[in-house]
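Coordinate inspection notes
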Amino acid sequence: MSAPTSLFEPTEAVTTDTEVSAADRIAEVQSRINLACRASGRDAAGVALVAVSKTFGADAITSLLAAGQKRFGENRVQEAAEKWPALRAGWAGIELHLVGQLQSNKAAEAVALFDVIHSVDRASLVAALARAMAATDRRPRLLVQVNIGDEPQKGGCSLGEMPALIASARSAGLDICGLMAVPPADRDPAPFFALLQKLAHEQGLPEISMGMSGDFPIAVQLGATMIRVGSALFGGRS
Ligand SMILES: *Cc1c(COP(=O)(O)O)cnc(C)c1O
């Protein structure tokens, strides 16, 4: 990059540089997705990369948008409500995913904001989402989150509760399209990914949301159709 020669050049030069590195990070993640697909005989078109932008501001998100990324994930309704309406106004085709726990009293706000909700985990939330959707024409796609490692501090329904929860969603008129899980942090994630894939298959659900920055290639090899990648695209969170 050449030295700026006038007051008006630096902004443009800096913006371009940021876009190149965002594009590089996306390309790097995508090439690892492609490799994992090749290793497991999958079509890379069947893996949706969700860029998890929690804690990151409009500038960092805009760099990824400018590099062509359209799917983003947030873990808190309030933070998403502060960031995304303005970004959506400026960029076409954004698909916004909620990947964190959802309180029932925020169901209507979540239905208004998100295109995909990964964290349906209890009957009371199913009821709140059904009410919220009945009041609008918005129909976000829904995944049931499973507490795959049976950890007390984690969100998600238990393995035992999952079939009844899916049935209750269906009888409330909600279509559940898949399962989501976050394996225990300190264990080999592969057996948990394999279990989630088996459960989704048994339930006849096409979408499997699993894999983060540290483990997405394994998740892809084990059948992930949505991977949720934050730090590998945005850098570390403070
Ligand atoms: C933060 C978060 C991610 C992304 O984590 P990274 O390790 O930064 O890729 C994925 N899924 C959920 C549910 C998250 O909260």
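The structure we're discussing is the one just above.
Now for a look at the structure at hand. None of the values given here were measured: they were computed from a predicted structure.

The next thing to look at is the pairing of strand β5 (residues 141-145). In terms of burial, β5 is a largely internal element, four of the five residues being buried. Pairing of strand β4 (residues 116-120) with β5, which is carried by three bridges, proceeds in the parallel orientation. Bridge pairing links V120 to V144 in β5. Each parallel crossover has a hand, and the one from β4 via helix α5 (residues 123-134) to β5 is right-handed.

For the pair helix α2 (residues 58-66) and helix α3 (residues 77-90), the least separation of the axes is 11 Å and the interaxial angle reads 40°. Classified by the interaxial angle, the pair formed by α2 and α3 is oblique. The handedness of the crossing between α2 and α3 is right-handed. The segment α2 lies against α3, with A58, I61, T62 and L65 engaging K83, W84 and L87. Residues that form the contact of α2 with α3 fall into these classes: five nonpolar, one polar and one charged.

Within helix α6 (residues 162-171), the full set of buried residues consists of M162, L165, I166 and A169. In an axial view of α6, the angular spread of the buried residues amounts to 100°, which keeps them on one side of the axis. Residues of α6 that are exposed and point more than 90 degrees away from the buried face comprise A164 and S171. Downstream of α6 by a residue or two, G173 has a phi angle that is positive, lying close to 85°.

The next subject is the pattern of salt bridges. Throughout the structure, instances matching the rule amount to nine salt bridges. The closest approach of N and O atoms between D121 and R122, which form a salt bridge, is 2.7 Å. Here D121 falls in the buried class, since its relative accessible area comes to 10%. Owing to a relative accessible area of 28%, R122 belongs among the partly exposed residues under this scheme.

The next subject is the pairing of strand β2 (residues 71-74). Bridge count for strand β1 (residues 48-52) against β2 is two bridges, and the pairing is parallel. The residue bridging V52 from the neighbouring strand is G73, located in β2. In the sheet, β2 pairs with strand β3 (residues 95-98) via four bridges, with the strands oriented parallel. Its bridge partner lying in β3, E74 is registered against L98.

Before going further, it helps to spend a moment on the state of the cysteines. Counted under the stated rule, the structure contains zero disulfides. There is no disulfide at C157, and the cysteine sulfur nearest it, in C177, is 14 Å away. Of the residues examined, C157 reaches a relative accessible area of 1% and is grouped as buried.

Attention shifts here to the site of the ligand. Taken together, V52, K54, V99, M212, S213, R228, V229, G230, S231 and R237 form the complete shell of residues around the ligand. Here an oxygen atom of the ligand and a side-chain polar atom of S213 are 2.5 Å apart. The side chain of R237 places a nitrogen or oxygen atom 2.8 Å from an oxygen atom of the ligand. Coverage of the ligand by the protein amounts to 88% of the 390 Å² it exposes when considered alone. Here the residues of the shell around the ligand are counted per class, giving four nonpolar, three polar and three charged.

Parameters at a glance
Residues numbered from 1 in each chain as written. Predicted model: local features only at pLDDT ≥ 70, side-chain atom pairs only at ≥ 80, totals over all residues. Heavy atoms only, no water. Buried < 20%, exposed > 50% of the residue type's maximum accessible area, 1.4 Å probe, protein only. Helix = DSSP H or I, 4+ residues; strand = E, 2+ residues; numbered from the N terminus. Pairing = 2+ DSSP bridges. Right-handed = clockwise from strand over helix to strand, strands pointing away. Axes fitted to C-alpha atoms, helices over the stretch in contact; angles between N-to-C directions. Parallel < 35°, antiparallel > 145°, perpendicular 65-115°, else oblique. Left-handed = near helix turned anticlockwise from the far one by under 90°. Contact = heavy atoms within 4.5 Å. Nonpolar A, V, L, I, M, F, W, Y, C, P; charged D, E, K, R; others polar. Arc of directions from axis to C-beta. Salt bridge = Lys/Arg side-chain N within 4 Å of Asp/Glu carboxyl O. Disulfide = S-S within 2.5 Å. Near = heavy atom within 4 Å. Polar contact = N/O pair within 3.5 Å; in protein donor to acceptor, adjacent residues only side chain to side chain. Areas by Shrake-Rupley, 256 points an atom, 1.4 Å probe, with all protein chains shown as cover.

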